[in-house]
Amino acid sequence: MTKTIGIPRAMYFYEFYPVWEAYFKSLGFEILLSPKTNKDILNAGILACVDEACLPVKIFHGHVVFLKDKVDYIFIPRIIGLHKREYNCPKHLGLSDMIKSSIDGLPEIIDPIINLRNKNGVKIAVKDMKNELKLNYSQKELYKNAIREQEKYKKNLLKTDISLKKDEKSSNLLILGHPYNVYDEFINMNILEKLKDEDLNLFFAEDIPEKDYREYSSQFIKRIFWTQGRKLIGSSYYLIDNELIDGIMYLSAFGCGLDSMLVYLVEKKCIEKNIPMIVLTLDEQTGEAGFVTRIDAFLDMMEWRKKDENNLSTFR
Ligand code: SF4
C-alpha cells in the first residue's frame, strides 16, 4: 500500500520543496502538503508551541497539527548546515525535537540530519533516510536526480540581468527577509499583492547570483556563519553598492534572534549610503491597517526622495 508523507508548508518548504517533492515521488510516496497558512493553522500553532518561539516556528507547529492525523509520516529534516563553515538558525536544527515534545499523537517523524558542512554530508543524509524509511535499496541516484530538480528551480528564480530592471521612472524596492516571511502570504498579510499595484520594480534576495551575494557578505572582520544571514546581507549590500535600489523593506518575524543582528547590519549600510529602509515586524497580533499605513508612508517618502527631495531624512 502506498504510504503518505506529510510536508508542512512552512519554514524550509519555501526553498527546498522541489527537491523533496522529486525525491519522495521517486521513492513511490504520496505527498500531502499542508494548505497555505490560514487563521486556523496559526491558532493551532500558537496553542501547540511554546510562547517564546518566533512566529514562523509557531506557524510550523500549526501545519504539523493539520497533517498529523492524515499521513503515515511527517518530514521535518534537521538541517544543520548547507555550506562549509556555515550553520542554520538553531531553531531549524531543533525543530523536530520541539515538535515531538509539544504535539501528542504524531505519526512517525522523518528527521534526517542534513549537514553539508561535512564533505560526506550528502552520503550521511541519504543513509539516514534509508534507515528512517526502512528502505532496502540505495536511493543515491534518486537523490542526485532530485538535486538536479532543485538546481533547475534555483536557476529559474534568477533573473537574466537584474540591471535591466532599473529604469529611471519606477522605484526599485528590495523586499528582504527569510523566505517564509517573504513568501507566506498569511504571515505578511499579502504584502506582495499590495505592492503589485504600486509603480515599483521589486527585487528579492533570490534575484542575486550566489557568487555575488557571497562576495558581498564577506567584507566583515568576523565571518557571518549563518547561511541565510550571508544571503540577506550579501544581496542587500550588492544592490546598494551597485546603486540598483531606491529602498529596502525588511520583513522580520517577532522573536527572530538572527534578525536582531541582520537588521542592524543592513540598517547601518543604508544609513551610510542614504538609502531609505523600513523594518516591518510580523507577529500574531499585527493589525493590517497599521501595517498598510506604514507601507504607504514609506513608499511616499521613497518617491519624494527619488523625484527631487533627496535631502529628506531616510530614517526616523
Ligand atoms: S531565523 Fe529567525 S525566524 Fe527563522 S527560525 Fe530562526 S529565529 Fe525563527
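Computed from a predicted structure; not experimentally measured.

Novice: I'd like to hear about the environment of Glu108, residue by residue, with values.
Specialist: Looking at the element boundaries, Glu108 is found in strand 5 (residues 108–110). Looking at Glu108, the relative accessible area reads 37%, which means it is partly exposed. Taking the C-alpha atoms as reference points, Glu108 and Leu133, 25 residues apart in sequence, are found 9.6 Å from one another. If we skip the residues at most four places from it in the chain, Glu108 touches Asp72, Tyr73, Ile74, Glu132 and Lys134.

Novice: Would you mind going over the sheet that holds strand 3 (residues 73–75) in detail, with residue names and values included?
Specialist: Hydrogen bonds along the backbone pair up the strands of a sheet, which may run parallel or antiparallel. Spatial ordering of the open sheet is given by 2-1-3-5, a layout of four strands whose pairing is parallel. Bordering the open sheet on either side are strand 2 (30–33) and strand 5, each of which pairs with just one other strand. Neighbour-to-neighbour, the strand axes of this sheet turn through a mean angle of 30°, independent of strand direction. Judged from the three bridges that link them, strand 3 and strand 5 form a sheet pairing that is parallel. For Ile74, the partnering residue across the bridge sits in strand 5 and is Ile109.

Novice: Let's hear about helix 12 (residues 257–273): which residues, and what values?
Specialist: With 17 residues, helix 12 extends 26 Å from end C-alpha to end C-alpha; this agrees with the ideal 24 Å at 1.5 Å per step. For helix 12, the complete set of buried residues consists of Leu258, Asp259, Leu262, Val263, Leu265, Val266, Lys269 and Cys270. End-on, the buried residues of helix 12 take up no more than an arc of 165°, which puts them together on one face. Within helix 12, the exposed residues directed more than 90 degrees away from the buried face are Ser260 and Glu272. Tucked inside the fold, the buried residues of helix 12 contact strand 7 (171–176), helix 11 (227–241), strand 9 (247–253) and strand 10 (277–282). Backbone geometry just after helix 12 places Asn274 at a positive phi near 60°.

Rules and cut-offs
- Residues numbered from 1 in each chain as written.
- Predicted model: local features only at pLDDT ≥ 70, side-chain atom pairs only at ≥ 80, totals over all residues.
- Heavy atoms only, no water.
- Helix = DSSP H or I, 4+ residues; strand = E, 2+ residues; numbered from the N terminus.
- Buried < 20%, exposed > 50% of the residue type's maximum accessible area, 1.4 Å probe, protein only.
- Contact = heavy atoms within 4.5 Å.
- Pairing = 2+ DSSP bridges.
- Axes fitted to C-alpha atoms, helices over the stretch in contact; angles between N-to-C directions.
- Expected span 1.5 Å × (residues − 1).
- Arc of directions from axis to C-beta.

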